[in-house]
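Coordinate analysis (summary)
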Amino acid sequence: MPPKPKFSKNEIIRSALDLVREKGPESLTAREVGKRLGVSSSPIFTFFKDMDELKNAVKVSAKEKFDEYMLVAENFYPSYKKRGMQFVRFAGEEPQLFKLLFMEKGNGDKSFDIAIEYIPFGKQDDINIIKRDYAANDEQALRLFDQMWIYTYGLCVLTATGVCSFSEKETAQRLGEIFRGMVEVIHSDPNWKMGILPMENTDEGLDQTKKQSPKFNKQ
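Quick caveat: nothing in here was measured; it's all calculated off a predicted structure. (Residues numbered from 1 in each chain as written. Predicted model: local features only at pLDDT ≥ 70, side-chain atom pairs only at ≥ 80, totals over all residues. Heavy atoms only, no water.)

Time to look at the pattern of salt bridges. For the coordinates displayed, the defined rule picks out 15 salt bridges. Where Glu 32 meets Lys 23, a salt bridge forms, and the shortest distance between an N and an O atom there is 3.8 Å. With a relative accessible area of 24%, Glu 32 lands in the partly exposed category. Among the ionic pairs, Lys 123 bridges to Glu 117, the shortest N-O distance being 3.3 Å. What makes Lys 123 buried here is its relative accessible area of 17%. One continuous salt-bridge network, built from bridges that share partners, spans Asp 18, Arg 21 and Glu 94. (Salt bridge = Lys/Arg side-chain N within 4 Å of Asp/Glu carboxyl O. Buried < 20%, exposed > 50% of the residue type's maximum accessible area, 1.4 Å probe, protein only.)

Next up, the structure:
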């Protein structure tokens, strides 16, 4: 009869999660997890076929913690803004888990629309809240989500990497300004082209810019 494992599967996952929280995603190796448990790496593979399987289990556990942060927003209004603030808060309070979930390096071959489907954020939750609270249609909600998520993600990365620290009040103000600007964009004249390509500062370049949008005025 084989000896009874010294640690349970959940204990290994919790230990691996704590390891990531303290030392970062790059520390998640069989050797480091075993060292933290005070054993060799062998017991790990009693429950997991390889380290990728353990890493995925740790991500699931990290996502559960992230979801706890986001769930708080339902008790606030505007809840969409609170979700953004909670996103930034998670990045500040759990920077290593943020990196594990949201900063895994890709190969750069995906568009934003495709990449966001692979990120464990909850895109549809945001879109549903936007539609519910702001009477937005599908297209408007998607445009708001795309731009607000990218901006909020930027705040999160600055926070998680220790480049900046944002107070709750500052986060609320920054998100509010960008949201208000996006609402203006969505309800603006559809003939106003936002994607003007910069041209050389010459008469010919100015003419080409005006052709891109008749509402353009050189300041």
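The next subject is the packing of helix 6 (residues 95–102) against helix 9 (residues 138–160). For any two helices packed against each other, the geometry comes down to the angle between their axes and how far apart the axes lie. Contact geometry for helix 6 and helix 9: axes closest at 9 Å, N-to-C directions at 130°. In terms of orientation, helix 6 lies oblique with respect to helix 9. Helix 9 is crossed by helix 6, and the crossing has left-handed handedness. On helix 9, the residues touching Pro 95, Phe 98, Lys 99 and Phe 102 of helix 6 are Tyr 153, Cys 156, Val 157 and Ala 160. Its residues assigned to classes, the contact of helix 6 with helix 9 comprises 7 nonpolar, no polar and 1 charged. (Axes fitted to C-alpha atoms, helices over the stretch in contact; angles between N-to-C directions. Helix = DSSP H or I, 4+ residues; strand = E, 2+ residues; numbered from the N terminus. Parallel < 35°, antiparallel > 145°, perpendicular 65-115°, else oblique. Left-handed = near helix turned anticlockwise from the far one by under 90°. Contact = heavy atoms within 4.5 Å. Nonpolar A, V, L, I, M, F, W, Y, C, P; charged D, E, K, R; others polar.)

Two elements in contact, helix 1 (residues 9–23) and helix 2 (residues 30–37), have axes whose closest approach is 10 Å; the angle formed by their N-to-C orientations is 105°. The orientation of helix 1 with respect to helix 2, classified from their angle, is roughly perpendicular. In this structure, helix 1 uses Ile 12, Ser 15, Ala 16, Asp 18, Leu 19, Glu 22 and Lys 23 to contact helix 2, whose residues at the interface are Glu 32, Val 33, Arg 36 and Leu 37. When grouped by side-chain class, the residues that make up the contact of helix 1 with helix 2 number 5 nonpolar, 1 polar and 5 charged.

This next bit is on the side chain of Thr 159. With respect to the helices, strands and loops of the structure, Thr 159 is situated in helix 9. The class of Thr 159 is buried, set by a relative accessible area of 15%. In contact with Thr 159, not counting residues within four places along its chain, are Val 88, Ala 91, Gly 92, Cys 164 and Phe 166.

Here we come to a negative patch on the surface. Taken together, Glu 200, Asp 203, Glu 204 and Asp 207 make up a surface patch of like negative charges. Tracing the backbone shows Asp 207 in helix 11 (residues 203–212). (Patch = residues over 30% accessible without salt bridge, like charges linked within 9 Å, V, L, I, M, F, W, Y side chains within 5 Å. Areas by Shrake-Rupley, 256 points an atom, 1.4 Å probe, with all protein chains shown as cover. Lys, Arg positive; Asp, Glu negative; His and termini not counted. Charge placed at Lys NZ, Arg CZ, Asp CG, Glu CD.)

Right, let's get into the nonpolar core. Val 33 and Leu 54 are the most contacted members of the largest nonpolar core, which totals 52 residues. Looking at this core, the elements that each hand over two or more residues are helix 1, helix 2, helix 4 (51–71), helix 5 (79–93), helix 6, helix 8 (123–134), helix 9 and helix 10 (168–186). Apart from the residues lying within four places of it in its own chain, the contact partners of Leu 54 are Ile 12, Ile 13, Ala 16, Val 33, Ile 44 and Phe 48. (Core = buried A, V, L, I, M, F, W, Y, C linked by side-chain atoms within 4.5 Å.)

For helix 1, built from 15 residues, the straight-helix expectation of 21 Å at 1.5 Å per residue is met to within 8% by its first-to-last C-alpha distance of 21 Å. Residues Ile 12, Ile 13, Ser 15, Ala 16, Leu 17, Leu 19 and Val 20 constitute the buried set of helix 1. Buried residues along helix 1 sit in contact with helix 2, helix 3 (44–47), helix 4 and helix 6. (Expected span 1.5 Å × (residues − 1).)

Quick look at the packing of aromatic side chains now. Under the criterion given, the structure shown has 17 aromatic pairs. Between Tyr 134 and Phe 179 the ring centres are 5.0 Å apart and the planes differ by 50°, which places this aromatic pair in the tilted class. Linking Tyr 134 in helix 8 with Phe 179 in helix 10, this pair joins segments that are 45 residues apart in sequence. Here Tyr 134 falls in the partly exposed class, since its relative accessible area comes to 29%. Judged by its relative accessible area of 16%, Phe 179 falls in the buried class. (Phe/Tyr/Trp six-rings, centres within 6.5 Å; stacked < 30°, edge-to-face > 60°.)

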